[in-house]
Amino acid sequence: MTDRILVGNGIPAAFRFAFYDDYKEGGKHHGSVRVAKEIREWWPTVSCPGLLLVGGPGKGKTLLASAALNELQEHHSPRGINRIPRGERLSYRQMKWPVYFVQMAEYIELQLQMMKLHDGVKAGWRDPEELQELENFLQNLKTRVKLLVLDDVGKEHRTASRFAIDNFDLLLRTRFNNGLFTIITSNLPLSQWGNEYSNSMQNFIERSFTVIKFPRRPGDRILY
Ligand SMILES: Nc1ncnc2c1ncn2[C@@H]1O[C@H](COP(=O)(O)OP(=O)(O)OP(=O)(O)O)[C@@H](O)[C@H]1O
Ligand SMILES: [Mg+2]
């Protein structure tokens, strides 16, 4: 498990080399001209370090989140030995400007695993090094990874618990306080975040995230 999370930067294989040009306007995917323009105009700052991509399924949110990660990574990696050649797989730890991609459900699962490992180490049947590695990894997501993509926020909610909400909240606020950038993709309209998470979370996102809404298509069931 730990090998998988430490090798590479977590981007799904299909989007490992995605860039903004891969998002097509019109065509079979009905790509939006406005969305294509807004994503290119987005630039994270310390006071507004986040991007929320919100809309229905299959609209290219994960594609654009991955593309933004690759675009910024390429921008921030200076030419020379630390620049990552397109096509090469580097661990986020080896990167000069570390980036990481994780599904929200997976992040919560890793937090749970850490708690279980902790108990196992205390009881003497799990390896303390394994725990240390996972703790470091999760700590790095909070305090070191410059740009983190949190994919599919809201889908973890079927197993909703205070635990998931608190961990999500802590991750976002710690990253904000450390001046780090975060991209979230979600099917959940921001107006519902107060109910699903908390009013203070919705307020926090409204203040510190740029929101790009993907337009509805005929047949979409939910209003975005
Ligand atoms: N405008 C577009 N141009 C090119 N490919 C697109 C576009 N929109 C969607 N796609 C493709 O459609 C597929 C689904 O896109 P993606 O996974 O990014 O959707 P999503 O909005 O994240 O959906 P979900 O909410 O289900 O996670 C991918 O293969 C993606 O490359
Ligand atoms: Mg997606």
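Quick summary incoming for the structure in this document. (Residues numbered from 1 in each chain as written. Chains lettered and ligands numbered in written order. Predicted model: local features only at pLDDT ≥ 70, side-chain atom pairs only at ≥ 80, totals over all residues. Heavy atoms only, no water.)

## Here we look at helix α5 (residues 128–143)
Spelled out, the test is: Strands here are runs of E lasting at least two residues and helices are runs of H or I lasting at least four, both read from the DSSP assignment and numbered beginning at the N terminus. Helices are assigned an expected span. That span is 1.5 Å times one less than the residue count. Here the term buried applies to any residue with accessible area under 20% of the maximum for its type, exposed to any over 50%, and partly exposed to those in between, with areas from a 1.4 Å probe on protein chains only.
Here α5 is 16 residues long and its end C-alpha atoms lie 22 Å apart, about the 22 Å a rise of 1.5 Å per residue gives. Taken as a whole, α5 has its buried residues at Leu-131, Leu-134, Phe-137, Leu-138, Asn-140, Leu-141 and Lys-142.

## Some remarks on empty space enclosed by the protein
Rules: Lining residues are defined by having an atom within 4 Å of a point belonging to a cavity or pocket. Those points lie on a 1 Å grid over the protein atoms alone, cavities being sets where a 1.4 Å probe fits but cannot get out and pockets being open sets with protein on both sides within 12 Å along at least five of seven lines. Grid points are joined across faces, edges and corners, and a volume is the space filled by probe spheres set on the points.
Taken as a whole and assessed by the stated rule, the structure comprises one cavity of 30 Å³ or more. The calculated volume of the largest cavity comes to roughly 50 Å³. The wall of the largest cavity is formed by Pro-49, Gly-50, Leu-172, Arg-175, Phe-176, Leu-180, Phe-181, Thr-182, Phe-204, Ser-208 and Phe-209. Where the lining of the largest cavity is concerned, the elements lending two or more residues are α6 (162–177), β4 (181–186) and α8 (199–208).

## Some words on the sheet that holds strand β1 (residues 50–54)
Pairing between the strands of a sheet comes from backbone hydrogen bonds, and it takes one of two forms, parallel or antiparallel. Applied cut-off: Only when DSSP finds a minimum of two bridges between them are two strands counted as paired. Orientation is described by axes fitted as lines to C-alpha atoms, over the contacting stretch for helices, and by angles from 0 to 180 degrees between their N-to-C directions.
Read from one edge to the other, the open sheet built from five strands follows the order β2-β3-β4-β1-β5, with strand pairing classed as parallel. Edge positions in the open sheet fall to β2 (99–103) and β5 (209–213), since each of these has one partner strand only. When strand polarity is set aside, the average angle formed by the axes of neighbouring strands in this sheet is 15°. Across five bridges, the pairing between β1 and β4 is parallel. Pairing of Leu-51 across the sheet is with Ile-183, part of β4.

## Re the environment of Ser-66
Put simply, the rule is: For this analysis, residues touch if any pair of their heavy atoms sits within 4.5 Å.
Inspection of the secondary structure puts Ser-66 in helix α3 (residues 61–76). Taking relative accessible area as the criterion, Ser-66 reaches 0% and is therefore assigned buried. Along the backbone, Ser-66 and Phe-15 are 51 residues apart, and their C-alpha atoms lie at a distance of 6.1 Å. When neighbours within four sequence positions are excluded, Ser-66 is seen to be in contact with Ile-11, Pro-12, Phe-15, Ala-18 and Phe-101.

## A closer look at the site of ligand 1
To keep it simple, the criterion reads: Near, as used in this document, describes a residue that has one of its heavy atoms within 4 Å of the molecule or strand being considered. In protein, a polar contact requires one atom able to donate a hydrogen and another able to accept it; more generally it is a pair of N or O atoms within 3.5 Å, and residues adjacent in sequence count only if both atoms are side-chain atoms. Accessible surface area values rest on a Shrake-Rupley calculation with a 1.4 Å probe, where residue burial reflects the displayed protein chains alone. Any residue that is not Ala, Val, Leu, Ile, Met, Phe, Trp, Tyr, Cys, Pro, Asp, Glu, Lys or Arg is counted as polar, Gly included; the first ten are nonpolar and the last four charged.
Neighbouring residues of ligand 1: 17 residues in total, closest Lys-24, Gly-58, Lys-61, Thr-62 and Leu-63. In the model, a nitrogen atom of ligand 1 is placed 3.4 Å from a nitrogen or oxygen of the His-29 side chain. In the environment of ligand 1, an oxygen atom lies 3.0 Å from a nitrogen or oxygen atom belonging to the side chain of Asn-187. Out of a free accessible area of 640 Å², ligand 1 has 76% covered by protein chains. Top contributing element to the shell around ligand 1 by residue count: α3, with three residues. In terms of residue class, the shell around ligand 1 is made up of four nonpolar, seven polar and six charged.

## Quick word on the pairing of strand β3 (residues 147–153)
In terms of burial, β3 is a largely internal element, seven of the seven residues being buried. Looking at chain direction, β2 and β3 are connected through five bridges and run parallel. Residue pairing in the sheet places Phe-101 in a bridge with Val-149 of β3. Bridging between β3 and β4 involves five bridges; their strand directions are parallel. Each bridged residue has a counterpart across the sheet, and for Leu-148 the counterpart in β4 is Thr-182.

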